[in-house]
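Take a look at the letters that make up each chain.
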Amino acid sequence: MANGQWYPPEWPDRIRALAAGSLTPVTPRRAATVMLLKDTGTGPAVHMLRRRASMAFAAGAYAYPGGGVDPRDDERHVGWAGPTRAWWANRLGVDETAAQAIVCAAVRETYEEAGVLLAGPDPGSVVGDTTGPDWEADRAALVARDFSFAEFLDRRGLLLRSDLLSAWTRWITPEFEARRYDTWFFVACLPEGQRTRNTSTEADRTVWIRPAEAAASYDKGELLMMPPTIATLRQLTAYGTAADALAGAPGRDLTPVLAQARLEGDEIVLSWPGHDEFTKHIPTGGAPA
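What counts and how
- Residues numbered from 1 in each chain as written.
- Predicted model: local features only at pLDDT ≥ 70, side-chain atom pairs only at ≥ 80, totals over all residues.
- Heavy atoms only, no water.
- Pairing = 2+ DSSP bridges.
- Helix = DSSP H or I, 4+ residues; strand = E, 2+ residues; numbered from the N terminus.
- Expected span 1.5 Å × (residues − 1).
- Buried < 20%, exposed > 50% of the residue type's maximum accessible area, 1.4 Å probe, protein only.
- Axes fitted to C-alpha atoms, helices over the stretch in contact; angles between N-to-C directions.
- Parallel < 35°, antiparallel > 145°, perpendicular 65-115°, else oblique.
- Contact = heavy atoms within 4.5 Å.
- Nonpolar A, V, L, I, M, F, W, Y, C, P; charged D, E, K, R; others polar.
- Left-handed = near helix turned anticlockwise from the far one by under 90°.

Quick notes on the sheet that holds strand β5 (residues 80-81)
Read across the sheet, three strands follow the order β5-β7-β6 without closing on themselves; strand pairing throughout is mixed. Both outer strands of the open sheet, β5 and β6 (119-120), are each paired with one neighbouring strand and no more. Two elements, β5 and strand β7 (residues 159-161), share two bridges in a ladder whose sense is parallel. Bridge assignment links alanine 81 to a residue of β7, and that residue is arginine 161.

What to know about helix α3 (residues 96-114)
Between the first and last C-alpha of α3 there are 27 Å, a value that for 19 residues agrees with the 27 Å anticipated at 1.5 Å per step. Counting buried positions along α3 yields 17 of 19 residues, so the element is predominantly enclosed. Just downstream of α3 lies glycine 115, where phi reads positive at about 75°.

Here we look at the packing of helix α2 (residues 85-92) against α3
Viewed as axis vectors pointing N to C, α2 and α3 meet at an angle of 90°, and their least axial separation amounts to 8 Å. By the criterion of interaxial angle, the relationship of α2 to α3 is roughly perpendicular. Of α3, the residues touching α2 (which contributes Arg85, Ala86, Trp88, Ala89 and Leu92) are Glu96, Ala99, Gln100, Ile102 and Val103. Counted by class, the contact of α2 with α3 contains seven nonpolar, one polar and two charged residues.

Quick look at the sheet that holds strand β14 (residues 275-283)
Across the sheet, which stays open at both edges, the three strands sit in the order β12-β13-β14 with antiparallel pairing between neighbours. Among the strands making up the open sheet, the edge pair consists of β12 (260-264) and β14. On average, each strand axis in the sheet is inclined to that of its neighbour by 25°, with strand direction left out of account. Looking at chain direction, β12 and strand β13 (residues 267-272) are connected through five bridges and run antiparallel. The partner of leucine 263 across the bridge, within β13, is isoleucine 268. Helix α7 (residues 227-236) contacts β13 and β14 of the sheet and is inclined by roughly 155° relative to β14.

Some points on the packing of helix α4 (residues 133-143) against helix α5 (residues 149-156)
Where α4 meets α5, the axes come as close as 10 Å, and the angle between the chain directions of the two elements is 160°. Taken as axis vectors, α4 and α5 run roughly antiparallel relative to one another. Judged by the sense of rotation from one axis to the other, the crossing of α4 with α5 is right-handed. Where α4 abuts α5, its residues Asp134, Trp135, Asp138 and Leu142 lie against Phe149, Phe152, Arg155 and Arg156. When the residues that make up the contact of α4 with α5 are grouped by side-chain class, the tally is four nonpolar, no polar and four charged.

Have a look at this one:
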């Protein structure tokens, strides 16, 4: 492959089935992922995970901490600080209950997969080191879904710090994919006193890497990534500090990016609006080019 774009081998057949009307699209599940940043001497670095080779989806690909929304976080009262649920609903383009659940997913998944918790005992503080055995027991219980994120915050006497996040972009898995997600991408800065660690059961490696370096490795075919990941990395290269990226996020367009597949002659053209680099031409009887 010319670069590190992850491309499932079953996509051509599924695209043809969708075009023929024999494939019914799966309803996408709500999800959130977080581009966690920290400053280095040569600019901001982003925390990335490499998905285990044994994973059924995007095995070996580099991604950010993230995952699906827990429906229990839609209605339950969550200790909250920062912009209101109504503000987030307007920003994310959903109702207030969904906004709460999506923001909760972003914070919870960052804690579950990177050990970083964007929460504090009051609106002006953030927890410090979260590596102790009692913290780890609670983190493992969250992963197992033994209790909701709201219950976790209650147990700890913490408020979710929604002001430490900014929404960056939104991508929806193509209609021809068997597993579909409606994913909101957020950006956040690593809180002082906390450190990342590989706590994800889905990752075999974690790295802090400058976005430009990661993008260059993708271009050489050295790092495997899905289109949303490399697209957001390229966007992050414009910022000189983590704080600059966080400050630039509120002005970004959150119109969902959804791949389109169309028939042109004897091939299917797969494209992501606004992202020409991901366009693929698939012969009606062959593999993508």
